[in-house]
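Remarks on the overall topology
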Amino acid sequence: MVTYNRIETLKRALSALSCQSVPLDHIVIVNNGSSDGTTEFLDAAAKTDSRLHIINTGANLGGAGGFKAGVLYASALPVESLWLMDDDIIAAPDCLQHLLDVAATGYLVVQPARIQLDGTEFPTEEAFNFSNPLRHPTRPRRGVRKGAVREIITIPFEGPLIRKEVFLRTGLPDESFFILCDDLNFAIQCHLSGIRIAYAAEARMQRAFDHQAQATLTWKSYYEIRNLIEIDQRYAPKSVTVARAFKLLVKFTGLCLKNQDWPGLQITMTAVWHGLRRQRGKTVEPGPWKGWSVPSLVGKGREGRA
């Protein structure tokens, strides 16, 4: 579990793990440089629960860096599978049992259902799209048979149960994404490695917050745009990459003009520029947008093709 400055939801998420019908052997918490009392809370909790392993990164490595650190640590433990999640998702008491039941049928990666506050399930994607630049890189597949278990093509790092051996084939989560799309990249690597992903609808995890669209863009919007372009840089033809980047530019520019979101316009242009230049890592600090900066536009953090 990766956590950053969300002590109240962290407490709920940890409590849910302690109530699983199948006891966990180890609980690894990656504390991503929290400053809200999380460190003190985890130190105290570790004294009463020997299963807790606390990794204090000392800095905010983003979700991607946090999951890389956690997977690297947990892979050395005497366990067969890792259960990955954020600190804002609450597992039902029988969630792990359902995941294990599906995994026992031969799946190396099993994703639970994520439930919103209104009781609806988050949608899943069942197909990749790296040929049509007018559509998103992932899309639903028509005519998918509904049921308790079905195969999907992508996962979020919100609850998947993953056999340790998978990471030997896909590699560790890529910290260069910092946040967002690191899980999409992992899912694509699973697909390229011939690893099938199952969706277990009976394994349920409740989100602590609603997923709501925002009227104005934020620092997270920067990483969403930049990293979507990076996904195309890695897996799509150059023509699709450029065309879809232009589509993102038009889409978010139009949204910002409509809402008179002038910082959002800067975010959009910076993110598209960085995406096309393949700048990676934490190039924008989380928090209020601080505007353009010359160093961020001229190549810091740039890496080559993966």
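The rules we used
Residues numbered from 1 in each chain as written. Predicted model: local features only at pLDDT ≥ 70, side-chain atom pairs only at ≥ 80, totals over all residues. Heavy atoms only, no water. Helix = DSSP H or I, 4+ residues; strand = E, 2+ residues; numbered from the N terminus. Buried < 20%, exposed > 50% of the residue type's maximum accessible area, 1.4 Å probe, protein only. Pairing = 2+ DSSP bridges. Right-handed = clockwise from strand over helix to strand, strands pointing away. Axes fitted to C-alpha atoms, helices over the stretch in contact; angles between N-to-C directions. Parallel < 35°, antiparallel > 145°, perpendicular 65-115°, else oblique. Left-handed = near helix turned anticlockwise from the far one by under 90°. Contact = heavy atoms within 4.5 Å. Nonpolar A, V, L, I, M, F, W, Y, C, P; charged D, E, K, R; others polar. Patch = residues over 30% accessible without salt bridge, like charges linked within 9 Å, V, L, I, M, F, W, Y side chains within 5 Å. Areas by Shrake-Rupley, 256 points an atom, 1.4 Å probe, with all protein chains shown as cover. Salt bridge = Lys/Arg side-chain N within 4 Å of Asp/Glu carboxyl O. Lys, Arg positive; Asp, Glu negative; His and termini not counted. Charge placed at Lys NZ, Arg CZ, Asp CG, Glu CD. Phe/Tyr/Trp six-rings, centres within 6.5 Å; stacked < 30°, edge-to-face > 60°. Lys NZ or Arg CZ within 6 Å of the ring centre and 35° of its normal.

1. Some details on unusual backbone geometry
Here the phi dihedral of Leu180 falls at roughly 75 degrees; this positive angle occurs in a residue that is not glycine. Among the structural elements, Leu180 can be located in the loop between α5 (164–170) and α6 (182–192). A positive phi is found at Arg278, a non-glycine position, where the angle reads about 60 degrees. What makes Arg278 buried here is its relative accessible area of 9%.

2. What to know about the pairing of strand β3 (residues 52–56)
Here five bridges tie strand β2 (residues 27–31) to β3, and the two strands are oriented parallel to one another. Of the residues in β3, the one forming a bridge with Val30 is Ile55. In this region the chain leaves β2, passes through helix α2 (residues 38–48) and returns to the parallel neighbour β3; the handedness of that crossover is right-handed.

3. So, the sheet that holds β2
Spatial strand order, β1-β2-β3: three strands in an open sheet with parallel pairing. Of all strands in the sheet, those with a lone pairing partner are β1 (2–3) and β3, marking the two edges.

4. Things to note about the packing of helix α7 (residues 219–235) against helix α9 (residues 262–277)
Between α7 and α9, the least distance of the axes is 8 Å, while the angle of their chain directions is 25 degrees. For the element pair α7 / α9, the angle class is roughly parallel. Helix-helix and strand crossings are classified by hand; for α7 and α9 the assignment is right-handed. Contact residues: Trp219, Ser221, Tyr222, Ile225, Arg226, Ile229 and Gln233 in α7; Ile267, Thr268, Thr270, Ala271, Val272, His274, Gly275 and Leu276 in α9. By residue class, the composition of the contact of α7 with α9 is eight nonpolar, six polar and one charged.

5. A closer look at the pairing of strand β6 (residues 109–115)
Side-chain direction in a regular strand flips from residue to residue, so the side chains alternate between the two faces of the sheet. With seven of seven residues buried, β6 is to be regarded as a mostly interior element. In terms of strand pairing, β6 meets strand β11 (residues 197–207) through seven bridges, oriented parallel. Bridge assignment links Val110 to a residue of β11, and that residue is Ala198.

6. Here we look at a positive patch on the surface
A grouping of Arg135, Arg139, Lys247 and Lys251 is seen on the molecular surface, where their side chains present a positively charged patch. By the element assignment, Arg135 lies in the loop between β7 (127–128) and β8 (138–139). On the basis of relative accessibility, which here comes to 52%, the residue Arg135 falls in the exposed class.

7. Topic: the environment of Pro112
Along the chain, Pro112 falls in strand β6. A residue is classified by how much of its surface remains accessible, and Pro112, at 1% relative accessible area, is buried. Taking the C-alpha atoms as reference, Pro112 lies 11 Å from Ile90; in sequence the two are 22 residues apart. Setting aside chain neighbours within four positions, we find Pro112 in contact with Cys95, Leu99, Glu158, Gly159, Pro160, Tyr199, Ala200, Ala203 and Met205.

8. Comments concerning the packing of aromatic side chains
Overall, the coordinates contain eight aromatic pairs when judged by the stated rule. With 5.0 Å between their ring centres and 55 degrees between their planes, Phe67 and Phe157 make a pair best called tilted. With Phe67 in helix α3 (residues 62–74) and Phe157 in the loop between β9 (149–152) and β10 (161–163), the pair connects residues that are 90 residues apart, well separated along the chain. Since its relative accessible area comes to 3%, Phe157 is described here as buried. Three or more aromatic residues link up through ring pairs in this structure, and these residues are Phe67, Phe157, Phe167 and Phe186. If you follow Lys11 out to its NZ or CZ, it ends over the ring of Phe41, 5.4 Å from the centre.

So, to be careful, I would describe these as geometric facts and stop short of saying anything about function.
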